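Structural overview
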Amino acid sequence: MFFGGQLDARKPALAPGGGLAWPAMFLYPEKGQSDFIEAFQEASTFSDHLEAMFGADAPPAEWDEAKEFTPGSLSVYYQLSVCPALSKGQFV
């Protein structure tokens, strides 16, 4: 099922090795499914995450019986929400 407000309460956070980690939501509307990543490291790529979730070494998602979802078969679109800058003290 699609997320129930998981993303709304999340903020960027300082990553252990430096840099920022952002909340990210992957939606699969044709299947009515989603994946939530709490800490998408800014040094990571979408390809990194797609490979981890749908690559040859990953088990298929239980909702993908036909194994249609592979890193090469997916298109990624992103939505950027503009918000006021956060001070270092406001990071979670």
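Refer to the structure above for everything that follows.
Residues numbered from 1 in each chain as written. Predicted model: local features only at pLDDT ≥ 70, side-chain atom pairs only at ≥ 80, totals over all residues. Heavy atoms only, no water.

Concerning the pattern of salt bridges
- In this structure the tally under the stated criterion is one salt bridge.
- Among the ionic pairs, Glu68 bridges to Lys31, the shortest N-O distance being 3.4 Å. Pair noted here: Glu68 is in the segment after helix H1 (46-54) and Lys31 is in the loop between strand S2 (20-28) and strand S3 (33-41), with a separation of 37 residues, a long-range link.
- Glu68 sits in the partly exposed class, given a relative accessible area of 47%. (Salt bridge = Lys/Arg side-chain N within 4 Å of Asp/Glu carboxyl O. Helix = DSSP H or I, 4+ residues; strand = E, 2+ residues; numbered from the N terminus. Buried < 20%, exposed > 50% of the residue type's maximum accessible area, 1.4 Å probe, protein only.)

With respect to H1
- Of all the positions in H1, only His49, Leu50, Met53 and Phe54 are classed as buried. End-on view of H1: buried residues confined to an arc of 100°, all on one side of the axis. Counted as exposed and oriented over 90 degrees from the buried face of H1: Ser47 and Ala52. (Arc of directions from axis to C-beta.)

A few points about the pairing of S2
- With two bridges connecting them, strand S1 (residues 13-14) and S2 associate as antiparallel partners. Note on S2: the bridge partner recorded for Leu14 is Leu20.
- Linking two consecutive strands that pair antiparallel, namely S1 and S2, is a turn of five residues; a positive phi of about 100° is found at Gly18 within it.
- As paired strands, S2 and S3 are joined by seven bridges and run antiparallel to one another. By the bridge assignment, Leu27 is partnered in S3 with Ser34.
- Counting the residues between successive antiparallel strands, the hairpin from S2 to S3 contains four residues, one of them, Gly32, with a positive phi of roughly 65°. (Pairing = 2+ DSSP bridges.)

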